[in-house]
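Chain by chain, the residues:
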Amino acid sequence: MLLLIPLLFGITLLTFSLAKALPGDPVLSMVGERAQPEVIEKIRKEIGADKNIVEQYYGYLALLLRGEFGRSYYTNREVLHDILLKFPNTLKLALAAMLIAVPLGTAFGFISAYRKDTVTDRVISALSITGLSVPVFWSGLLLMLFFSLELRMFPPSGSGDLRFLVLPALTLSLPALGALARITRTTVLEVLDMPFIKTARAMGIREVRIQAGHVLKNALIPIVTVIGLDFGSYLNGAVLTETIFGWDGIGRFIMEGIIKRDYPVIMGCVIIGTFVFVAINMVVDMLYNSLDPRVRFGEQDR
Amino acid sequence: MNRTGKAALLIILLIAVMSFTASFMPWCNPGSINLDRIKEAPSFDHPLGTDTKGRDILSRILYGGRVSISIAVSAALLSTMIGLVFGLCSGYFGGKVDALLMAFADLVLSFPTLLLAIAISVLFPPGIYTVVIAIVAVGWASFARIIRGQVLSLKEANYIEAAKAMGCSTGRIIHRHLMPQCIPVVLVVMGMKIGGYILVEASLSFLGLGAQPPMPTWGSMISAHRAYLTSAPWMVVAPGFMIALTALCFNLLGDSLRDRYGLKIKG
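About the thresholds
- Residues numbered from 1 in each chain as written.
- Chains lettered and ligands numbered in written order.
- Predicted model: local features only at pLDDT ≥ 70, side-chain atom pairs only at ≥ 80, totals over all residues.
- Heavy atoms only, no water.
- Axes fitted to C-alpha atoms, helices over the stretch in contact; angles between N-to-C directions.
- Helix = DSSP H or I, 4+ residues; strand = E, 2+ residues; numbered from the N terminus.
- Parallel < 35°, antiparallel > 145°, perpendicular 65-115°, else oblique.
- Left-handed = near helix turned anticlockwise from the far one by under 90°.
- Contact = heavy atoms within 4.5 Å.
- Nonpolar A, V, L, I, M, F, W, Y, C, P; charged D, E, K, R; others polar.
- pLDDT = per-residue confidence, 0-100.
- Buried area = accessible area lost by both parts, 1.4 Å probe.
- Salt bridge = Lys/Arg side-chain N within 4 Å of Asp/Glu carboxyl O.
- Polar contact = N/O pair within 3.5 Å; in protein donor to acceptor, adjacent residues only side chain to side chain.
- Buried < 20%, exposed > 50% of the residue type's maximum accessible area, 1.4 Å probe, protein only.

### Considerations on the packing of helix α5 (residues 79–114) of chain A against helix α12 (residues 263–291) of chain A
Residue and element names in this part refer to chain A. Contact pair α5 / α12: the axes reach a minimum separation of 10 Å and the direction vectors enclose 50 degrees. By the criterion of interaxial angle, the relationship of α5 to α12 is oblique. In this structure, α5 crosses over α12, and the sense of that crossing is right-handed. Contacts between α5 and α12 involve V79, L80, I83 and F87 from the first element and P264, V265, G268, C269, I272 and V276 from the second. For the contact of α5 with α12, the residue count by class is nine nonpolar, one polar and no charged.

Shown next as structure tokens:
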């Protein structure tokens, strides 16, 4: 919990220095190379680019504390406002991807573990490692080519109702699905190998109870962790998937910000993104703790 | 190593050898523009077709492979070196050093990888070195964590006690007794990470933050030809297939190395 404060301080410092060191002059790219010097000077004062770096950082922090992430250099709209507007879209996409990845991934993992070393296991294992290896921007394009351009089943890009959501969510879910199936398989195999399962069987406890009470409960712990930690990969993947499918979320927003060197947008997105990421990790940690009393904070190794 | 691992290694070597010898092949001209023969489907002259400027896609893929593999492998080597220093110190000295170093590693690990890589790629002028820096900036931390775990389990071993009793210096114990024992783990983790690094490199160059034109990369080949997905799908399919194949082979190799050394590392 205490890690959050230095983390956020570190992030703001980092995003600020990153943005300051960016090549190119935001004022010049905003007004164009041929603008009059007086105009350039005026805008420089307006956005505070004439003060020194330390003052700029303090000003930035003070604004952040008041919940103001500044205004976009281009649209002059409040960054926080736009982020809050777009965040639900990214969340929708990530949740939809999770809805596909979590049930399928864990189911495949369990099947694979129970059918260890059979053809089914090999096929599932091969598919899950492939899912991990295929870049989302390529699988996304292939899905788009097949389902929207050939079969015309789904719109190729844009945001809106459910039909727009299917392809990006499917694309985003593939690597997570692979990762989840793999981790579930290893975990279930590990638990099945534990002495207490043998003991339970020797004690004549019904198989159904062994599976539901002991195997599932013990296997669930690492699986929940992976599901939570994977949220970071959804954020990563969202940048690419949203860019490809024109989904109006944070990922596309930050990409546009980077292309236009729109510092407040980049910094706002990175700060909010990291905050969400860390918050989710903490929730996962707490869940982990309540699921497994053996685990104490700080003792787990990733 | 099992059969899958050997096959994966063979394919990796094949891709690497073909990519790195491509500049000696007379037919390999990634930069030669021929505007009379643009967007040609695969044929005998151009096994993978030509792109929007009439350049041979096979040649460009081989040159792109050189970039991808060099970046991923050097990023893995650099991450390993930094991870070794952090992991060995953290694991061996324990206490405050450990707490401080691992807090730092956790801080880095709690960043969404691609977001941080994007931020770094924007900080420095885009290019090969920037991509390597971006990957290493995040990558070293997971090496450090795993190596620390390995050291923790090793440092209580009898032969370390014996070495201490014989008066070995701390430096010698770390260098001669602990580090060699970490090599298998490092190999396994490298195998498992390189596949991911290939994907990060491809993603960054897809976003235009990788090696800059005219140098061909797999990621930039896909982003440049996205618009022709229906009219000339081979321009997008071929480079993407190479990214997936290379990443897959490295992942399979990592898995099989892990099984070979009987290590339990999840990923």
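Text resumes after the structure shown.
### As for the confidence of the model for chain B
Per-residue confidence for chain B averages 84 on the pLDDT scale, and 97% of its residues sit at or above 70. This prediction of the complex comes with two scores: 0.84 for pTM and 0.83 for ipTM.

### Re the interface of chain A and chain B
Facing the 39 residues of chain A at the interface are 44 residues of chain B. In total, chain A and chain B occlude about 4000 Å² of area from one another, counting both sides; carbon and sulfur atoms represent 75% of this. Inspection of the chain A/chain B interface yields one salt bridge. Close ionic contact of R182 of chain A with D255 of chain B constitutes a salt bridge, the shortest N to O distance being 2.8 Å. Between chain A and chain B we count four residue pairs in polar contact (both at pLDDT 80 or more) in total. For the side of chain A that touches chain B, the elements supplying multiple residues, two or more each, are α1 (4–21), α6 (119–133), α7 (136–150), α8 (162–192), α10 (207–245), α11 (250–260) and α12 of chain A. In terms of residue count, α7 of chain A provides more of the side of chain A that touches chain B than any other element does, seven residues in total.

### Describing the environment of P126 of chain B
Residues and elements named next belong to chain B. You can see P126 is positioned in the loop between α4 (113–123) and α5 (128–154). Assessed through its relative accessible area of 36%, P126 is described here as partly exposed. In this structure the C-alpha to C-alpha distance between P126 and M221, which are 95 residues apart in sequence, comes to 16 Å. Once residues lying within four places of it in the same chain are set aside, the contact partners of P126 are S121, L209, G210 and Q212.

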